[in-house]
Amino acid sequence: MLKKAIVLGATGGTGTVIIAELLKRGIAAVAFGRSLPKLQQLAHSMGNPAGLTLMTGDVFNKNDVFMAAEGVDVIFHSASIPYNEMRTKLLPMGEAVMEAANKLGVKVVAVDGIYPYGRRQNEQPIDEEYPKNPHTSKGKTKLAFEQMFFSPRWDRVKGLIVRLPDYYGPTANEASYLGSTFTAIAAGKPALYIGNMHVPREYVYLPDAAVMIVELASREEAYGQNWNIPGRSAISGKEIVRMAREASGSSKMVLPIGRIGLSILGLFVPVMKEIVEMLYLTEEPLKLSGGKYERLVGPIPATAYELGIKETMDSIKSR
């Protein structure tokens, strides 16, 4: 039974909603991060709930993770790495988390994306058995993470990986694909949209994702596997922008930005250059099947885009 959990990367978009979902279910939560002010801000935004404990530390330091995770049943590993640092830092971070978890003998839920699948090969939507043939450096690094995560070295750990498509929501920051777009629209400024605005893509609303992630973490039979966390449906950038404008009352232009524009921006913001190799997902998007989740748990929560985008825009405007 899941009574207490720690969330690594607690102040990130995914970590925040996981903590909220844990507390909603009466599960004690430890929020772990480097910055105490950010953790305190998170606690304040949630009303300083009694079930929330704040712990500072370095996720790359196995001893920090070990000490913070003592007494928990599950470690939610939702700490992220910027694109431009992924090749050198993702695996060391994962190793530190798994070493601490193995020493403690606790479960680990890793939050990840769809990059290891590579280009679309077969009919959609894809299930968890879809072959992983990454063609990008980030996809290959993510696949190496999965192989490390499920390594028999961790003989005292039960783990599962949840895979999310692109996401949005009130807690999503500007590092997400839609984050900077929504922030600019909410501020009444011209905005950029990364990728093709006409090709429908799948997005998951982060509060919905948190429900599914915590539900899986609570079930013993879910461990040792990958799990898809699908969004509601595919939607085009044009529709997203229309809904965001309506929700914010903005009429400023939103322009798509592709390879050339991102490469130029990358001269000043390194992470932007790293997005270029992932643009294939905006042209040949993958759609995740939720059939496996439905068979184990039941219906998939799927907030309507109109409502999810309105809640996201309202949240951004209130900051």
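For the structure given in this document, a descriptive report is provided here. (Residues numbered from 1 in each chain as written. Predicted model: local features only at pLDDT ≥ 70, side-chain atom pairs only at ≥ 80, totals over all residues. Heavy atoms only, no water.)

## Focus on the overall build of the chain
Each helix and strand in the chain was counted, giving 13 helices and 12 strands. Taken over the C-alpha atoms alone, the chain extends approximately 50 × 45 × 40 Å along its principal axes. Across the 319 residues of the chain, 52% fall into the buried class. The long-range share in the chain, meaning contacts at least 24 apart out of those at least 6 apart in sequence, stands at 75%. Accessible area for the chain stands at about 14100 Å²; split by element, carbon and sulfur atoms hold 53% of it. Separation of charge centres in the chain, based on 37 positive and 32 negative side chains, amounts to 4 Å. (Helix = DSSP H or I, 4+ residues; strand = E, 2+ residues; numbered from the N terminus. Buried < 20%, exposed > 50% of the residue type's maximum accessible area, 1.4 Å probe, protein only. Contact = heavy atoms within 4.5 Å. Areas by Shrake-Rupley, 256 points an atom, 1.4 Å probe, with all protein chains shown as cover. Lys, Arg positive; Asp, Glu negative; His and termini not counted. Charge placed at Lys NZ, Arg CZ, Asp CG, Glu CD.)

## Considerations on the side chain of Arg-201
Relative to the assigned elements, Arg-201 resides in strand E9 (residues 201–205). Take Arg-201: its relative accessible area is 2%, and that puts it in the buried class. In contact with Arg-201, not counting residues within four places along its chain, are Asp-166, Tyr-177, Tyr-193, Ile-194, Ser-233, Ala-234, Ile-235, Leu-281, Thr-282, Pro-285 and Tyr-305.

## A short note on the packing of helix H6 (residues 179–186) against helix H13 (residues 305–317)
Across the interface, H6 lies against H13 with an axial gap of 9 Å and an inter-helix angle of 65°. For H6 against H13, the interelement crossing comes out right-handed. Counting all contacts with H6, which are made through Phe-182, Thr-183, Ile-185 and Ala-186, the residues of H13 involved are Ile-309, Thr-312, Met-313, Ile-316 and Lys-317. (Axes fitted to C-alpha atoms, helices over the stretch in contact; angles between N-to-C directions. Left-handed = near helix turned anticlockwise from the far one by under 90°.)

## Describing the nonpolar core
Grouped burial of nonpolar side chains is what soluble globular proteins tend to show. Judged by nonpolar contacts, the single largest core of 48 residues is most densely connected at Ile-6, Leu-8, Val-59 and Ile-75. Residue assignment for this core shows that the elements contributing at least two residues are strand E1 (4–8), strand E2 (28–33), helix H3 (62–69), helix H4 (86–104), strand E5 (107–112), helix H5 (137–149) and helix H11 (280–283). The greatest single-element share of this core, amounting to eight residues, is contributed by H4. Membership of the second largest hydrophobic core comes to 37 residues, among which are Ala-31, Phe-76, Val-204 and Trp-227. (Core = buried A, V, L, I, M, F, W, Y, C linked by side-chain atoms within 4.5 Å.)

## A word on the sheet that holds strand E7 (residues 166–168)
Spatially, E7-E9-E11 is the arrangement adopted by the three strands of the open sheet, whose pairing is mixed. Looking at strand neighbours, the two that pair on one side only are E7 and strand E11 (234–235), the edges of this open sheet. Bridge count for E9 against E11 is two bridges, and the pairing is antiparallel. When the bridges of E11 are listed, Arg-201 appears paired with Ile-235. This element, H13, spans E7, E9 and E11 of the sheet and lies at about 60° to E9. (Pairing = 2+ DSSP bridges.)

## Digging into the packing of aromatic side chains
Taken as a whole, this structure holds six aromatic pairs when the rule is applied. Here a set of aromatic residues connected by ring pairs shows up, and it is made of Phe-145, Phe-149 and Phe-150. A cation over a ring is seen here: Lys-103 above Phe-66, with NZ or CZ 4.5 Å from the ring centre. Above the ring of Trp-227, the side-chain terminus of Lys-292 is found at 4.4 Å from the ring centroid. (Phe/Tyr/Trp six-rings, centres within 6.5 Å; stacked < 30°, edge-to-face > 60°. Lys NZ or Arg CZ within 6 Å of the ring centre and 35° of its normal.)

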